[in-house]
Amino acid sequence: MSGLRSGTAAAAGGDWFSSRTHRRGAVDPAAVLAAKGGRRVAVVLPARDEAATVGAVVTGVRRAWLEAVPLVDEVVVMDSDSVDDTGAVARAAGATVHRVRDVRPDLGGRPGKGEAIWKAQLAVDADVLVFVDADLTESAPDLVPALLAPLLADDTVALVKGFYDRPLRDGSPTAGEAHGGRVTELVARPLLTLLAPELADVVQPLAGEWAVRADHLASLSVPSGYGVDVAVLLDTVRAAGLDAVAQVDLGLRAHTHHGLADLGPMATQVMAAVLARRAHGPLPAEVCLRQFTRDAAGDPQPVERAVPLDERPPAAAVRAPERAS
Ligand SMILES: O=c1ccn([C@@H]2O[C@H](COP(=O)(O)OP(=O)(O)O)[C@@H](O)[C@H]2O)c(=O)[nH]1
Ligand SMILES: O=C(O)[C@@H](COP(=O)(O)O)O[C@H]1O[C@H](CO)[C@@H](O)[C@H](O)[C@H]1O
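None of these values were measured; they are calculated from a predicted model.

Reading guide: rules and limits
Residues numbered from 1 in each chain as written. Chains lettered and ligands numbered in written order. Predicted model: local features only at pLDDT ≥ 70, side-chain atom pairs only at ≥ 80, totals over all residues. Heavy atoms only, no water. Helix = DSSP H or I, 4+ residues; strand = E, 2+ residues; numbered from the N terminus. Buried < 20%, exposed > 50% of the residue type's maximum accessible area, 1.4 Å probe, protein only. Contact = heavy atoms within 4.5 Å. Areas by Shrake-Rupley, 256 points an atom, 1.4 Å probe, with all protein chains shown as cover. Near = heavy atom within 4 Å. Polar contact = N/O pair within 3.5 Å; in protein donor to acceptor, adjacent residues only side chain to side chain. Nonpolar A, V, L, I, M, F, W, Y, C, P; charged D, E, K, R; others polar. UniProt positions renumbered as here; feature names shortened; annotations may be inferred. Phe/Tyr/Trp six-rings, centres within 6.5 Å; stacked < 30°, edge-to-face > 60°. Core = buried A, V, L, I, M, F, W, Y, C linked by side-chain atoms within 4.5 Å. Axes fitted to C-alpha atoms, helices over the stretch in contact; angles between N-to-C directions. Parallel < 35°, antiparallel > 145°, perpendicular 65-115°, else oblique. Left-handed = near helix turned anticlockwise from the far one by under 90°.

*Asks:* Now, about the overall build of the protein chain: what can you tell me, with residues and values included?
*Replies:* In terms of helices and strands, the protein chain carries ten helices and twelve strands. Burial statistics for the protein chain: of 325 residues in total, 49% are counted as buried. Pairs at least 24 apart in sequence give 73% of the contacts found in the protein chain among residues at least 6 apart. Carbon and sulfur atoms make up 55% of the accessible area of the protein chain, which amounts to about 14,900 Å² in all.

Right under this line is the structure:
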């Protein structure tokens, strides 16, 4: 576009980027195991309709980091309103499976990835949680020690985010090129630049692969939808400072992708989570997103989607008394 200089590579950030960014491949599993000590580690996969991929993800993590090296104590799949065989496939692969709506039914049920993550805290007994998306299409079990290493080695680190190249293998003409992370690049990164510039050096703010101290996560409110990933990042920085966050290079991440229209509600929830954490004001519990297609006559046809924006309170506030800690 005339008048716009091509992007100039800025020097990657300041002290935080250099001290809290961990290179790929620099992890010694034996050292991570030693640092674990007596702490319990659970890998948790929030999964909605992931029967095609969840089995391989569970098997990869179990074989490498539960059977061969006891770095992980439990692999859990939170079955999030799946209508396919996600639960059965995950169980057959050796995961502990919880149906999200069956966990603490007294608290009601909500749709969404964040709801699956929130209720995982009420179903899983662990000191450290490693969240991994269930739609990974290329085995990447080494992400587990990579995400755990900074947190187990340094008590001041509460959250570790993964980052990676994001090929968009959706059959489009540019498939395979690094065009993934569409909500990250068009919504999250611009919005954080405007409202939370201190996070400018976080390479993948929406990454679904992250490790977190369970007691820290339990102190945070959690958006029920797709805002969970960015909300936990923002709230961690607000509560404990930027140095409580680290990021690790996981190389490349291939996963199944939504069509563009489905990213509309996701983008709305991500924006809501960021805006709800701006200087003022809560947002409504639900908004109506109006997108457009064409009717048979070729005229614009509105398509409305209700987008929930509700948040759950900190899990610590609702945890059964015997697990108040
Ligand atoms: O209501 C939902 C929506 C998504 N997910 C899971 O959250 C992860 C990330 O969601 P998705 O793949 O839809 O997002 P993408 O990675 O494509 O942006 C996946 O393991 C989904 O199965 C979930 O558990 N419940
Ligand atoms: O990064 C993104 O833009 C979105 C969509 O990724 P693609 O455009 O399908 O590669 O995916 C991420 O965002 C979701 C919302 O935070 C997370 O739940 C996903 O785990 C993450 O992959």
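That was the structure; now back to the text.
*Asks:* Now, about the site of ligand 2: what can you tell me, with residues and values included?
*Replies:* In the vicinity of ligand 2, 16 residues are found, and the nearest of them are Asp133, Gly181, Arg182, Val183 and Thr184. Between lysine 113 and ligand 2, the recorded distance is 2.9 Å, taken from a side-chain N or O atom to an oxygen atom. A distance of 2.5 Å separates an oxygen atom of ligand 2 from a polar side-chain atom of aspartate 133. Burial of ligand 2 by the protein amounts to 97% of the accessible area it has alone, namely 500 Å². Top element by residues in the shell around ligand 2 is helix 7 (residues 182-195). It accounts for three residues. When its residues are assigned to classes, the shell around ligand 2 shows four nonpolar, six polar and six charged.

*Asks:* Describe in detail the UniProt feature "domain: Glycosyltransferase 2-like" (unreviewed entry) in the protein chain, supporting the description with residues and values.
*Replies:* Taken from the UniProt record, the annotation "domain: Glycosyltransferase 2-like" (unreviewed entry) applies to residues 43-162. Span residues 43-162 is 37% helix and 19% strand, its end C-alpha atoms 14 Å apart.

*Asks:* Describe the site of ligand 1, and please don't skip the residues or the numbers.
*Replies:* Around ligand 1 there are 16 residues in total, and Pro46, Arg48, Glu50, Tyr226 and His258 lie nearest to it. At a separation of 2.6 Å, an oxygen atom of ligand 1 approaches a polar side-chain atom of glutamate 50. One of the backbone N or O atoms of alanine 134 is found 2.8 Å from an oxygen atom in ligand 1. Within the complex, the protein chains bury 93% of what would otherwise be the 510 Å² of accessible surface of ligand 1. Looking at the shell around ligand 1, its residues break down into five nonpolar, five polar and six charged.

*Asks:* Residue-level account of the packing of aromatic side chains, with values.
*Replies:* Tallying each qualifying case throughout the model produces one aromatic pair. Look at phenylalanine 131 and tryptophan 210: their rings are 4.7 Å apart centre to centre, the planes differ by 45°, and that puts the pair in the tilted class. Remark: tryptophan 210 occurs in strand 7 (residues 210-213) and phenylalanine 131 occurs in strand 5 (residues 128-131); sequence separation between them is 79 residues. Owing to a relative accessible area of 1%, phenylalanine 131 belongs among the buried residues under this scheme.

*Asks:* Before we move on, can you summarise the environment of valine 41 with the specific residues and values?
*Replies:* You can see valine 41 is positioned in strand 2 (residues 41-47). The exposure class assigned to valine 41 is buried, which follows from its relative accessible area of 1%. In this structure the C-alpha to C-alpha distance between valine 41 and glutamate 74, which are 33 residues apart in sequence, comes to 6.9 Å. Beyond its immediate sequence surroundings of up to four residues, valine 41 is in contact with Lys36, Leu71, Val72, Asp73, Glu74, Ala126, Val128, Val130 and Leu148.

*Asks:* How would you explain the nonpolar core if you had to name every residue and give the values?
*Replies:* Residues Leu129, Phe131, Trp210 and Leu217 are the most contacted members of the largest nonpolar core, which totals 51 residues. For this core, the element with the most residues is helix 9 (residues 228-240), which contributes seven residues. With sequence-adjacent residues up to four places away left out, phenylalanine 131 is seen in contact with Val44, Ile117, Ala120, Gly208, Glu209, Trp210, Val212 and Leu217. In terms of nonpolar packing, the next biggest core, distinct from the first, is built from 39 residues, Val77, Ala90, Ala93 and Ala95 among them.

*Asks:* Can you break down helix 6 (residues 143-153) residue by residue, with the values?
*Replies:* Taken across its eleven residues, helix 6 has ten buried, putting it largely inside the fold. Residues Leu143, Val144, Pro145, Ala146, Leu147, Leu148, Ala149, Pro150, Leu151 and Leu152 constitute the buried set of helix 6.

*Asks:* Which residues make up the packing of helix 2 (residues 29-36) against helix 6, and what are the values?
*Replies:* Between helix 2 and helix 6, whose axes approach to 9 Å, the crossing angle comes to 45°. For the element pair helix 2 / helix 6, the angle class is oblique. In terms of crossing hand, the pair formed by helix 2 and helix 6 is left-handed. Together, Val32, Ala35 and Lys36 of helix 2 and Pro145, Leu148, Ala149 and Leu152 of helix 6 make up the contact between the two elements. Split by residue class, the contact of helix 2 with helix 6 holds six nonpolar, no polar and one charged.

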